[in-house]
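Each chain is listed here by its residues.
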Amino acid sequence: MQSFDPRPPVAGPRVTLRRGRYVSGSVASDRIAALAGLLTALFVGLASYVAVIVAMPPVLADLDVKSSDVAATVAQSVAADLSRAVGLGIPLGAMRGVDDYLSEILGFAPEVDGIAILDRQERLLFSSRSGDALLDRPHARAPIMAPAGGTGEGEGGTGDGEGAAIGSVIAQASSATHAGVMRAIAASAAAVALLAGILVGLAVRIVRLERVDLPTVRTAAMLHAAARGHFVIRGLTPAGVLPPVADALARAVTPIQLTYRRIQALVEEIKAVDGSAAVRQRVGDALGALEGLRLETRRGRLRHIGLVWWPAAALTVIAATRPLIANFAYDRIGNDPFAEVAVAFAVTAETIGAILGVILAALLAGRWSKPATFAAMLMAAAAYAAVYVIRDYRVFTATVTFAAFCGWFAVWSVLATEGAGRRLPWRGAIVLLGAAAAGPMIGGLLAEAEGRRAAFATLGVLAALLAVASTAGAPRLPQRRRPVPPALRLSPADVLALLAASLALFAWADVSLAGTVLRERYAEMALNFGLAGAASFVPVLLRWRLPAPAGGLVAAAAVLAGAGLVPAAAAVGVDVLQPAVSVLAGLGFGIVAFALGARAFVPSSAIAIGVGGVAAGALHAADMVQPGAGLALAAIAATALAGLAVLAAVTHALGWAR
Amino acid sequence: MGRTGGLLLCAIVPVLAALGFLLVSARVVERADAGLSAAELEFLLSGITRTVELNLQLGLPLAELQQVDTILESAVASAPDVLAADVISLTGVTLFSTDRGAVGEPVPPAWADAAATSRGMWRASERETVTFGEPLSNDFGQREGWVAIIVDAERLAPPLSRMGTLISGAALVLVAVAAAGLGLGLVIYSRTNRWIAATGASVRARAPIEPPRGALGIAANAAISGMGDTEARVERVQRDLRRLDAEL
């Protein structure tokens, strides 16, 4: 925040600005941003739906044809095998082991749902599943031909010569591919709509914060100062939409300032003509009426810390890797029994790298900020791009850990600068919640569009561009290291609530969904991350100023319930619980972040959030013993932490804690 | 970012998002398409492999099998997407092929690398072709070589091959979403500056706004009132000093 004229104000009319309405918490700006985001999401969602209706049918029809081709190939292959067997003298209806053979074939061809073998009269001889079900649905068919020189007589053939059909094989194409494509497209549409809504909403809020809300406060303060005879704050007016008012004030004041200068000149002339005490006394009496006016004072210096977009954009790119890390680590060693340990190792190490980056940034706070930000972001970019060629999970883990260290250091070298965390609560919400919401959706959609490796490479390119942009967006002024003000220090209840919410959210989204449940289904991952991210804005928008432990409890309880209920519900075909848990986990995190306000925006908060991520990653190793144990343990631990947070808050409120 | 930037953002983000959705959808379909093609080819490859392995059960060395050419020819004839089918020795030399010129030649390095790094089925991509390979094992589980089928890369739904179709099909949707975004931007960014300009005009004219709008209007009215007082004080002082100057 800029520093105004430090001298004490003189007496004059004072109007107190309602901070809740006119600074970063402007209700009007919140509503406009939310409305813009909602309408954008609606437009994009509607456009996606219409595009699916209008443009997709021919494409999906091609896919169905391809599925039928696969089924036809399988049917032909089975028919050829059966023809050879018949050629060896085995009657079609008396073959043994056909069921096992069909099972083996289905194992080779998961794109086929079922195979049936019919005789010449279309009677069902063998089937991998209910033959009627196969016959009633669209299927591919291949004739079983009598071997060359055979008649097919014994098979119900007509004996009308070589190559007669003695039966047929029907194969039904699996609908899994079509269903999977539709599911991915629907999830992509929803995720893209959410992402567009969040991006536009955030952009509108940033614009209003930096160009309207803050300049309004400054200009109003300037006008009040002018009402008291102070015309010096013009030089501190920031860019934005308010300069017309500041310019108008400057023009209105100019004649008064000119008169004041003429008075000064006149005083000098009078003193030059007669410097007697009597004249001096009369001059002094006349000038007494001007006491308290400040009409000509040097202009103050505006402290420019850069707009909030750079750390928000950088953190968004870093957060975009969240859905990719767990499943990338898993796939490096495939079905190895230690795959879960590899996932735990990657998530934990990457988060530790992020924590170390924050700590180093907090220690250096501002020193060499510009070169350090540039170099660190560039190294993060190189590390992300390098993932494109990495095959070994250990190298992958080391690389993403290094990238997280560099990236978080770069971001926090900007955020830790003076003034970066004072515009409450939207600065924190935009950077922290905005990046956490938009980043994973971008990462998930990139992976869905171009594959995981290429997504990492793309994020590397984006990080490199941001490294270059940091020369404009990172703070320009040398910053000095200052202790965290008492008002920004976290209480034990705050820390415990942050730990509970972040542990629950990381365990649910980053580890369980990304590493296990939705492995390779990136659009659905993006949607779940996006739902959690969008929900985290709800407390900010609706002004739900609940205690931080309540947020921890909401997130932990949601994930605890989700750990038990979601698999059971999915088993009976209910899919809505998974996104519901994502929403509630994000909501809990949002409650904590909004309750903390500026305190969610200090390095210690970032470290607490990171520790939650480390715990979530480490606990996943329990999945090696029992699948799902990691999530259950994390949810239980998060609930316990939230309970401790409540206890700490109650203890503090009752004055028992010192 | 000013009004123009905000307007552009409101118009561009929905269009980019809709394009992004089409891109993701196109890739989802292309990957599914390529997956089905690959599954079909892999099934075909498995069939060839099983048939050759049945011949290996006779105990003859791979290079001396008589039926392999026929098996390969039959497989290629049954699948129009397959350009050629080969049987490769453990030393990386082509033993049998539907492309007679390849027999006796070492396999391309891409195939050798893919086969060396994979324990099961492998895939090697070259500029115009994609090769699927599967190891051949004898009854004792010992590897005898590989079967490979070569297909045209275009048959495997290359990236963005569907994008043009989808964009042309959804062109009107893109235009509509751009218009909607622009309209939204106009609504959001049109009102902001009007009252600021009105406030500025009132300050310039030193005419209070009645009733004042918001904190800025109240502050502007206070400033206008305060400036009047200040001006009166300054002019009074100027008059007093001029009178004094005249006396001197």
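This report concerns the structure included in the present document. (Residues numbered from 1 in each chain as written. Chains lettered and ligands numbered in written order. Predicted model: local features only at pLDDT ≥ 70, side-chain atom pairs only at ≥ 80, totals over all residues. Heavy atoms only, no water.)

### Observations concerning the overall build of chain A
Where we set the bar: Each helix is a run of DSSP H or I of at least 4 residues and each strand a run of E of at least 2, with the numbering of both proceeding from the N terminus. Under the scheme applied here, a residue whose accessible area is under 20% of the maximum for its type counts as buried, over 50% as exposed, and between as partly exposed, the area being computed with a 1.4 Å probe on protein chains only. Residue contacts are defined here by distance: any two heavy atoms, one from each residue, within 4.5 Å place the two residues in contact. Computed with the Shrake-Rupley method and a 1.4 Å probe, the accessible areas treat only the protein chains shown as cover for residues.
Each helix and strand in chain A was counted, giving 21 helices and 4 strands. Counting the 658 residues in chain A, one finds 54% classified as buried. Put simply, of all contacts in chain A between residues at least 6 apart along the chain, 82% involve residues at least 24 apart. As displayed, chain A offers around 26600 Å² of accessible surface, 64% of which is attributable to carbon and sulfur atoms.

### Points about the pairing of strand β5 (residues 143–152) of chain B
Residues and elements named next belong to chain B. To be explicit about the condition: By this definition, two strands are paired if DSSP reports at least two bridges between them.
Among the 10 residues in β5, 7 count as buried, and that is most of the element. Sheet topology note: the strand β1 (residues 82–89)/β5 ladder contains 7 bridges and is antiparallel. Counted as the bridge partner of Ala85 is Ile149 from β5. Of the pairings in the sheet, the one linking strand β4 (residues 129–137) to β5 comprises 9 bridges and is antiparallel in character. Pairing of Thr129 across the sheet is with Asp152, part of β5.

### A closer look at the packing of helix α15 (residues 492–517) of chain A against helix α18 (residues 548–571) of chain A
All names here are of chain A. As a reminder, the rule being used: Axis lines are fitted through C-alpha atoms, for helices just across the contact stretch, and the angle between N-to-C directions can take any value from 0 to 180 degrees. Roughly parallel refers to an angle under 35 degrees, roughly antiparallel to one over 145, roughly perpendicular to one between 65 and 115, and oblique to any angle outside these ranges. Helix crossings get a hand from a simple test, with the near helix turned counterclockwise from the far one by less than a right angle marking a left-handed crossing and a clockwise turn marking a right-handed one. Only Asp, Glu, Lys and Arg are considered charged in this grouping, and only Ala, Val, Leu, Ile, Met, Phe, Trp, Tyr, Cys and Pro are considered nonpolar; every other residue, Gly among them, is considered polar.
For the pair α15 and α18, interaxial distance at closest approach is 8 Å and the crossing angle is 25 degrees. What the angle tells us is that α15 and α18 run roughly parallel. Between α15 and α18 the crossing geometry is left-handed. In this structure, α15 uses Ala493, Asp494, Ala497, Ala500, Ala501, Ala504 and Trp508 to contact α18, whose residues at the interface are Ala548, Pro549, Gly552, Ala555, Ala556, Val559, Gly562 and Val566. Among the residues making up the contact of α15 with α18, the classes are represented as 12 nonpolar, 2 polar and 1 charged.

### Topic: the layout of surface pockets
Which entries qualify depends on this criterion: Put plainly, a pocket is an open set of points on a 1 Å grid over the protein atoms alone with protein on both sides within 12 Å along at least five of seven lines, a cavity is a set where a 1.4 Å probe fits but cannot get out, and a lining residue has an atom within 4 Å of a point. Grid points are joined across faces, edges and corners, and a volume is the space filled by probe spheres set on the points.
Size it by volume and the largest pocket reaches roughly 2200 Å³. In terms of lining residues, the largest pocket is bounded by 48 residues, among which Gly451 and Glu520 of chain A together with Arg27, Arg31 and Arg123 of chain B are the most central. When residues of the lining of the largest pocket are assigned to their parent elements, the largest contribution, 8 residues, is made by helix α1 (residues 3–56) of chain B. Looking at the lining of the largest pocket residue by residue, the class counts come to 23 nonpolar, 7 polar and 18 charged. Quantified by volume, the second largest pocket comes out at close to 1300 Å³. Around the second largest pocket, the lining comprises 43 residues; the ones closest to its centre are Leu195, Leu199, Thr316 and Ile442 of chain A together with Val13 of chain B. Only α5 (176–227), α8 (309–319), α13 (426–450) and α14 (452–473) of chain A together with α1 of chain B provide two or more residues apiece to the lining of the second largest pocket. Here the element with the most residues in the lining of the second largest pocket is α5 of chain A; it accounts for 10 residues. In terms of residue class, the lining of the second largest pocket is made up of 35 nonpolar, 4 polar and 4 charged.

### Describing the interface of chain A and chain B
Reports often express the size of an interface as the amount of accessible area lost when the parts come together. Put simply, the test is: Buried area is calculated as the accessible area (1.4 Å probe) missing from two parts once they are joined, with the contributions of both summed. Should a side-chain nitrogen of Lys or Arg be within 4 Å of a carboxyl oxygen of Asp or Glu, the pair is scored as a salt bridge. In protein, a polar contact means a hydrogen-donor-capable atom and an acceptor-capable atom, both N or O and within 3.5 Å, with residues adjacent in sequence counting only if both atoms are side-chain atoms; elsewhere, any N or O pair within 3.5 Å suffices.
Opposite the 91 residues of chain A that make contact, chain B presents 70 residues. The contact between chain A and chain B buries some 7000 Å² in all, and 77% of this surface belongs to carbon and sulfur atoms. The interface formed by chain A and chain B contains 4 salt bridges. When the shortest N-O distance is used, the salt bridge between Arg50 of chain B and Asp81 of chain A registers 3.7 Å. There are 7 residue pairs in polar contact (both at pLDDT 80 or more) connecting chain A and chain B. Contributing elements (two or more residues each) for the side of chain A that touches chain B: α2 (27–87), α3 (98–108), α5, α6 (243–273), α7 (277–287) and α13 of chain A.

### Regarding empty space enclosed by the protein
All names here are of chain A. Summed over all chains, the structure comprises 6 cavities of 30 Å³ or more. As a volume, the largest cavity reaches approximately 460 Å³. Taken together, 25 residues make up the lining of the largest cavity; nearest its centre are Ala319, Arg322, Trp408, Phe506 and Ile609. Residue assignment for the lining of the largest cavity shows that the elements contributing at least two residues are α8, α9 (322–333), α10 (339–364), α13, α15 and α20 (603–619). Considered class by class, the residues forming the lining of the largest cavity number 18 nonpolar, 4 polar and 3 charged.

### What to know about the pattern of salt bridges
Residues and elements named next belong to chain A. Inspection of every chain in the model, using the stated rule, returns 19 salt bridges over all chains. Between Arg141 and Glu122 there is a salt bridge, with its nearest N and O atoms 2.8 Å apart. Of this pair, Arg141 sits in strand β3 (residues 140–145) while Glu122 sits in the loop between β1 (112–119) and β2 (124–127), placing them 19 residues apart in sequence. Taking the relative accessible area as the measure of exposure, Arg141 reaches 40% and is therefore partly exposed. Judged by its relative accessible area of 40%, Glu122 falls in the partly exposed class. Connected via shared salt-bridge partners are Asp30, Arg205 and Arg543.

### So, the packing of aromatic side chains
The geometry of an aromatic ring pair is captured by two quantities: the separation of the ring centres and the angle between the planes. Test applied: Any two rings among Phe, Tyr and Trp, with Trp reduced to its six-membered ring, count as a pair given centres within 6.5 Å; such a pair is stacked if its planes are under 30 degrees apart, edge-to-face if over 60, and tilted if neither. Placement of a charge over a ring requires the Lys NZ or Arg CZ to be within 6 Å of the ring centre, with the centre-to-atom vector within 35 degrees of the ring normal.
Summed over all chains, the structure comprises 5 aromatic pairs over all chains. Taking 4.3 Å as the distance between ring centres and 25 degrees as the angle between the ring planes, the aromatic pair formed by Phe328 of chain A and Phe396 of chain A counts as stacked. With a gap of 68 residues between them, Phe328 of chain A in helix α9 and Phe396 of chain A in helix α12 (residues 393–415) connect regions that are remote in the sequence. Phe396 of chain A matches Phe328 of chain A in its accessibility class, with the two residues each being buried. Centroid distance Trp111 of chain B to Trp122 of chain B: 6.5 Å. Interplanar angle 45 degrees. Geometry classified as tilted. Taken as a pair, Trp111 of chain B in helix α3 (residues 109–117) and Trp122 of chain B in strand β3 (residues 122–125) lie far apart in primary sequence, 11 residues in all. When its relative accessible area of 7% is taken as the criterion, Trp111 of chain B is described as buried. Trp122 of chain B sits in the buried class, given a relative accessible area of 4%. By way of ring pairs, the aromatic residues Phe328, Tyr384, Phe396 and Phe456 of chain A are connected into one cluster. Of note, Arg545 of chain A hangs over the ring of Phe594 of chain A, and the distance from its end group to the ring centre comes to 4.3 Å.

### Brief notes about the sheet that holds strand β4 (residues 165–173) of chain A
All names here are of chain A. Spatial ordering of the open sheet is given by β2-β1-β4-β3, a layout of 4 strands whose pairing is antiparallel. Unpaired on one side and paired on the other, β2 and β3 mark the two borders of the sheet. Strand-to-strand twist of the sheet, defined as the mean angle between neighbouring strand axes without regard to direction, takes the value 25 degrees. Note: β1 against β2, 3 bridges, orientation antiparallel.

### Digging into the packing of α6 of chain A against helix α7 (residues 214–247) of chain B
At their nearest, the axes of α6 of chain A and α7 of chain B sit 10 Å apart, and the two run at 20 degrees to each other. The orientation of α6 of chain A with respect to α7 of chain B, classified from their angle, is roughly parallel. Here the hand of the crossing between α6 of chain A and α7 of chain B comes out left-handed. Among the residues making up the contact of α6 of chain A with α7 of chain B, the classes are represented as 16 nonpolar, 3 polar and 5 charged.

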